[in-house]
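Chain by chain, the residues:
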There are 2 protein chains.
Amino acid sequence: MAKLKVGLFGLGTVGEGIIKVVANARNANAEIKKICVRDSSKQRNVKVDPALITEDRYEILNDPEINLIVEVINDPEAAYEIVTEALKQGKPVVSGSKTMLARHLPELIELQKKNKVSLLYDASSCGSIPVIRNLEEYYDNDLLLEVKGILNGSSNYILSRVFDHNENYEDALQTAIRLGFAEADPSFDIEGYDSLYKLIIITVHALGVYVDPEKIFTYGITHISDFDINIAKEKRVKIKLVAQVVKISDSRFTMFVMPEFVRKSRYIYNVDDEYNGVVIRGEGYDRQFMFGKGAGSLPTASSILSDMVAHRHGYKYGYKKMNFEDTPEYTTDVLLKVYVRYKETPIPELLPFHSIQERYNSLNVNYVVGEINLKDLINYKDVLMKEDVFIVNFSRFFEDRDD
Amino acid sequence: MAKLKVGLFGLGTVGEGIIKVVANARNANAEIKKICVRDSSKQRNVKVDPALITEDRYEILNDPEINLIVEVINDPEAAYEIVTEALKQGKPVVSGSKTMLARHLPELIELQKKNKVSLLYDASSCGSIPVIRNLEEYYDNDLLLEVKGILNGSSNYILSRVFDHNENYEDALQTAIRLGFAEADPSFDIEGYDSLYKLIIITVHALGVYVDPEKIFTYGITHISDFDINIAKEKRVKIKLVAQVVKISDSRFTMFVMPEFVRKSRYIYNVDDEYNGVVIRGEGYDRQFMFGKGAGSLPTASSILSDMVAHRHGYKYGYKKMNFEDTPEYTTDVLLKVYVRYKETPIPELLPFHSIQERYNSLNVNYVVGEINLKDLINYKDVLMKEDVFIVNFSRFFEDRDD
């Protein structure tokens with residue numbers, strides 16, 4: 001097998017981790033030949049030969065000696081241009097750009113087939129946890145029923161400070177930003193979009209279906225209040241930001257990202273701090289739980305290394321489930337049981353609840369617990385996004401589920 | 001890809017599970033063509049066409065239409081004969097026989113190479129948890145430092161009844177036997193040999209080294225007493241039967257199976273009942289935890305199905321780490337900190353402790369806590385096996401480890 005001569009795009013947190021991890025992996029037979037960055041004058045935290053650095057992407061894309069592109073940049077548009085150009089040239093790619101992947105997977109799958117070239121991206125979902133590879137290769141049959149988990153470390157870190165360390169939400173958010181667990185603009189993480197993009201990628205490998213991000217109900221933790229937190233604590237549950245894709249029959253599945261009341265008996269209850277945890281449920285094997293560091297420099301870089309070596313051994317994603325005779329159909333026509341807290345917005349009047357089990361009213365705050373169709377949550381998202389409103393899902397939403 | 005025409009050896013708990021799981025996996029494109037059993041007159045719990053059943057192994061081995069052997073019998077000698085004969089004929093095999101595999105892996109690896117045929121056996125270690133495949137394919141680099149876990153469901157079920165449900169050991173053992181979590185003769189599980197064989201298979205894929213079972217310190221939970229259990233409860237830890245393989249330097253590793261005091265902060269602390277849990281630790285990614293059903297009819301059968309489908313897609317184990325330039329060397333020259341409880345056997349006089357930190361003596365029971373070399377535990381195994389003696393490992397045995 002030929003030595004890997006890598007053209008690396010990006011020398012941020014993950015890029016620096018890749019430099020370190022590749023240096024320690026003696027048997028990987030890999031060399032970083034060129035590194036493309038936005039600003040070559042920037043100080044780096046790793047020692048890199050300045051001769052390797054370039055700001056011109058074509059120094060990598062047009063170098064015939066480079067036989068693998070590793071792309072870990074923060075700009076989804078530039079990532080899309082680089083990855084598609086590389087694939088069109090027949091150059092294999094390892095990528096960690098979840099936003100770009102989630103938006104363009106159908107085209108990227110076509111490009112892989114057409115140009116007989118591989119694009120691997122296990123690092124894009126849950127960092128060092130090998131979720132994609134296992135869904136594609138090990139849970140590669142009809143038995144899979146559900147993938148559910150905590151896919152975003154930043155929001156989980158914040159909720160963990162709130163529920164395990166009794167901090168208030170705002171303090172926890174500021175701590176997360178200070179420690180680098182959340183971005184200065186944390187909205188991508190805490191509004192659920194990071195989880196959403198990972199869920200889209202996961203669903204392609206779990207069920208063989210690509211769903212447009214626009215069609216998926218995504219609701220974060222931005223509006224959580226002390227009142228909600230106390231309600232959860234009284235119920236002896238935690239609120240977690242959960243992403244899930246669930247088969248609801250042989251022919252249909254649903255998916256969404258939403259805060260959820262998580263009971264102590266659930267595997268994800270103990271996924272704390274910046275960790276990620278994923279439950280894979282299927283007929284026969286029941287629930288498998290995978291837990292680990294979902295983000296960060298070295299964990300993500302070690303996942304990139306796994307993909308680099310897999311490529312060297314000829315590995316490609318087969319997208320096998322996309323070729324199954326009867327892939328299930330995405331539906332939002334499914335009844336959920338939710339808690340909706342509000343102040344001024346007249347939630348019970350505005351939202352078309354199927355039934356209401358609990359109402360609470362006071363001078364300062366109100367809530368309602370009831371059953372509502374997921375498709376109505378999508379229709380009334382603007383109502384749910386009002387400042388005074390927060391919604392939490394109950395996990396037992398299909399009557400016959402034991403989850 | 002050709003349809004899988006399977007010759008199945010064994011129709012016990014796992015074999016019956018395979019019949020069910022294959023029936024549900026529409027896209028697996030697999031058919032059970034023949035089933036070889038020891039006693040064809042036996043009543044089965046699944047409906048099987050009697051015409052498929054045979055007692056003659058050559059009806060499968062000599063059938064040119066059968067393109068995959070699935071072997072899940074309980075007899076290691078017969079399993080060895082069947083699997084080697086199949087491989088010599090160039091017939092691929094999926095096997096779940098850990099004892100047979102652990103004893104014969106070097107020869108079986110040679111046979112795979114020589115006859116360019118695949119032998120897959122993920123079900124042999126931790127049932128439905130994809131440990132082998134992930135160690136071989138995802139943690140396929142130099143970063144891996146340790147694999148440690150609870151690999152045996154029966155002994156874990158018993159210890160879990162004792163520590164989580166306050167049953168006494170003998171009652172717990174009888175319950176386990178009654179519920180089918182332990183065999184009528186439970187010694188294989190509770191004396192640690194089931195864990196040992198799994199650990200040997202895991203080590204081949206974790207570090208690329210095969211170690212003879214005879215050379216590995218293996219100590220079960222047979223001699224555990226109420227006194228030991230109370231000591232653990234006072235320390236607010238649980239005793240778990242733990243199997244581990246650990247790199248102690250770049251060039252050396254050790255491995256053993258032994259009861260261990262497990263603190264609440266450890267991932268495996270919460271692996272209860274009949275479940276298995278494995279921690280994979282490496283440079284970069286730190287600790288990954290995989291948790292699930294380690295045994296039982298359907299979980300094991302679903303793992304067999306994963307291997308069947310992987311074979312259909314051309315998957316073979318690469319045994320890549322065996323070809324690394326510098327595979328680490330197995331050593332037993334390593335200092336452990338242990339608790340040894342005894343009554344008549346004069347443990348402090350007989351065992352060559354490096355140092356002793358605690359001594360407790362009373363009329364009925366004594367114990368000592370001290371440091372001792374693993375190789376001396378092997379040398380003095382007959383002393384440790386005396387009726388009045390029980391040994392438990394402390395997990396922090398290398399000073400620089402944070403485990």
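Residues numbered from 1 in each chain as written. Chains lettered and ligands numbered in written order. Predicted model: local features only at pLDDT ≥ 70, side-chain atom pairs only at ≥ 80, totals over all residues. Heavy atoms only, no water.

Residue and element names in this part refer to chain B. With 17 residues, helix α4 (residues 98-114) extends 22 Å between its outermost C-alpha atoms, agreeing within 8% with the 24 Å of an ideal straight helix rising 1.5 Å per residue. Residue H104 marks the point of greatest curvature in α4, where the axis turns by about 80°; the proline P106 follows within four residues. Among all positions in α4, only T99, M100, L101, A102, H104, L105, L108, I109, L111 and Q112 are buried. The secondary structure elements touched by the buried residues of α4 are β4 (68-71), α3 (76-88), β5 (93-95), β6 (119-120), α8 (187-190) and α9 (193-207). Note on α4: the residue one or two positions beyond its end, K116, has a positive phi of about 45°. (Helix = DSSP H or I, 4+ residues; strand = E, 2+ residues; numbered from the N terminus. Expected span 1.5 Å × (residues − 1). Bend = angle between axes of the 7 residues up to and from the residue. Buried < 20%, exposed > 50% of the residue type's maximum accessible area, 1.4 Å probe, protein only. Contact = heavy atoms within 4.5 Å.)

The interface of chain A with chain B comprises 47 residues on the first partner and 47 residues on the second. Between chain A and chain B lies a buried interface of about 3,900 Å² when both sides are counted; carbon and sulfur atoms form 47% of it. At the junction of chain A with chain B, the criterion picks out four salt bridges. Between D286(B) and K293(A) there is a salt bridge whose closest N-O contact spans 3.1 Å. For the side of chain A that touches chain B, the class distribution of residues is 20 nonpolar, 14 polar and 13 charged. (Buried area = accessible area lost by both parts, 1.4 Å probe. Salt bridge = Lys/Arg side-chain N within 4 Å of Asp/Glu carboxyl O. Nonpolar A, V, L, I, M, F, W, Y, C, P; charged D, E, K, R; others polar.)

A few words on a positive patch on the surface. Together, R236(A), K264(A), R236(B) and K264(B) give the surface a local cluster of positive charge. Relative to the elements of secondary structure, K264(B) occurs in the loop between β10 (252-262) and β11 (275-282). (Patch = residues over 30% accessible without salt bridge, like charges linked within 9 Å, V, L, I, M, F, W, Y side chains within 5 Å. Areas by Shrake-Rupley, 256 points an atom, 1.4 Å probe, with all protein chains shown as cover. Lys, Arg positive; Asp, Glu negative; His and termini not counted. Charge placed at Lys NZ, Arg CZ, Asp CG, Glu CD.)

Moving on to the nonpolar core. Grouped together as the largest cluster of nonpolar side chains are 268 residues, with contacts concentrated most on M308(A), I18(B) and M308(B). Ignoring anything within four residues of it in the chain, the contact list for M308(B) reads L4(B), V6(B), V22(B), A30(B), L68(B), V70(B) and V94(B). (Core = buried A, V, L, I, M, F, W, Y, C linked by side-chain atoms within 4.5 Å.)

A word on the sheet that holds β5(B). By definition, the strands of a sheet pair up through backbone hydrogen bonds, in either a parallel or an antiparallel sense. All names here are of chain B. Strand order in this open sheet of six strands is β3-β2-β1-β4-β5-β6, and the pairing throughout is parallel. Looking at strand neighbours, the two that pair on one side only are β3 (53-54) and β6, the edges of this open sheet. Strand direction decides the pairing type here: β4 and β5, joined by three bridges, are parallel. Across the sheet, V70 pairs through a bridge with V94, a residue of β5. (Pairing = 2+ DSSP bridges.)

Take the relation of the copies chain A and chain B next. After a rotation of 180° and a shift along the axis of 0.0 Å, chain A superposes on chain B with an RMSD of 0.0 Å. When the rotation and shift are considered jointly, the pair of chain copies conforms to a two-fold rotation axis. Rotation axis and chain A: the residue whose C-alpha lies nearest the axis is M290(A), separated from it by 2.4 Å. Both copies share a contact surface, since 100% of the interface residues of chain A are interface residues in chain B too. (Least-squares fit on C-alpha atoms with pLDDT ≥ 70 in both.)

For C126(A), which is not glycine, the phi dihedral falls at a positive 65°. By the element assignment, C126(A) lies in the loop between β6 (119-120) and α5 (131-137). For C126(A), a relative accessible area of 0% corresponds to the buried category. If you check the backbone angles, Y319(B) has positive phi at about 45° while not being a glycine. The buried category is assigned to Y319(B), whose relative accessible area is 4%.

Going through the model one piece at a time under the given rule, you end up with 38 aromatic pairs over all chains. Aromatic side chains Y267(A) and F291(B) sit 5.0 Å apart centroid to centroid with 85° between the ring planes, which places their arrangement in the edge-to-face category. Taken together, the residues span two chains, with Y267(A) in the loop between β10 (252-263) and β11 (275-282) and F291(B) in strand β12 (residues 286-293). A residue is classified by how much of its surface remains accessible, and F291(B), at 6% relative accessible area, is buried. (Phe/Tyr/Trp six-rings, centres within 6.5 Å; stacked < 30°, edge-to-face > 60°.)

This part is about the packing of helix α6 (residues 153-165) of chain A against helix α7 (residues 169-178) of chain A. All names here are of chain A. Packing of α6 against α7 leaves a shortest axis separation of 9 Å and a crossing angle of 135°. Judged by the inter-axis angle, α6 sits oblique to α7. For the pair α6 and α7, the crossing hand works out as right-handed. In this structure, α6 uses Y157, I158, R161 and V162 to contact α7, whose residues at the interface are Y169, A172, L173, T175 and A176. Here the residues of the contact of α6 with α7 sort into seven nonpolar, one polar and one charged. (Axes fitted to C-alpha atoms, helices over the stretch in contact; angles between N-to-C directions. Parallel < 35°, antiparallel > 145°, perpendicular 65-115°, else oblique. Left-handed = near helix turned anticlockwise from the far one by under 90°.)

Residue and element names in this part refer to chain B. As enumerated under the stated definition, the model contains 43 salt bridges over all chains in all. Residue E137 is joined to K320 by a salt bridge in which the shortest nitrogen-to-oxygen separation is 3.1 Å. Within this pair, whereas E137 is found in helix α5 (residues 131-137), its partner K320 is found in the loop between α11 (297-312) and β13 (329-330), the two being separated by 183 residues in sequence. Residue classification places K320 among the buried residues on the basis of a relative accessible area of 10%. Among the ionic pairs, E260 bridges to K148, the shortest N-O distance being 2.8 Å. Of this pair, E260 sits in strand β10 while K148 sits in strand β7 (residues 144-150); the two residues are 112 residues apart in sequence, bridging distant segments of the chain. Comparing E260 with K148 shows no difference in burial state: the two are buried.

Assignment of secondary structure puts E81(B) in helix α3. With a relative accessible area of 38%, E81(B) lands in the partly exposed category.

To continue, consider the sheet that holds strand β5 (residues 93-95) of chain A. Residues and elements named next belong to chain A. Here six strands make up an open sheet; going across it, the order is β3-β2-β1-β4-β5-β6 and the pairing parallel. Single-partner strands in this sheet number two, and they are β3 (53-54) and β6. Two strands pair when backbone bridges link them, and β5 and β6 are joined in this way by two bridges, in the parallel orientation. Across the sheet, V94 pairs through a bridge with L120, a residue of β6.

This paragraph deals with the side chain of T99(A). With respect to the element layout, T99(A) can be found in helix α4 (residues 98-114). Residues contacting T99(A), with those up to four places away along its chain left out, are P76(A), F188(A) and Y197(A).

Attention now goes to the environment of I60(B). Residue and element names in this part refer to chain B. The topology assignment puts I60 in helix α2 (residues 58-61). Owing to a relative accessible area of 0%, I60 belongs among the buried residues under this scheme. With sequence-adjacent residues up to four places away left out, I60 is seen in contact with G7, L8, F9, K34, I35, C36, I66, I69 and K91.

The next point concerns helix α1 (residues 13-24) of chain A. All names here are of chain A. Compared with an ideal rise of 1.5 Å per residue, which puts twelve residues at 16 Å, α1 spans 17 Å between its outermost C-alpha atoms and is within 8% of the ideal. Residues of α1 that are buried: G15, E16, G17, I18, I19, V21 and V22. As for α1, its buried residues are in contact with β1 (4-9), β2 (30-36), β4 (68-71) and α11 (297-312).

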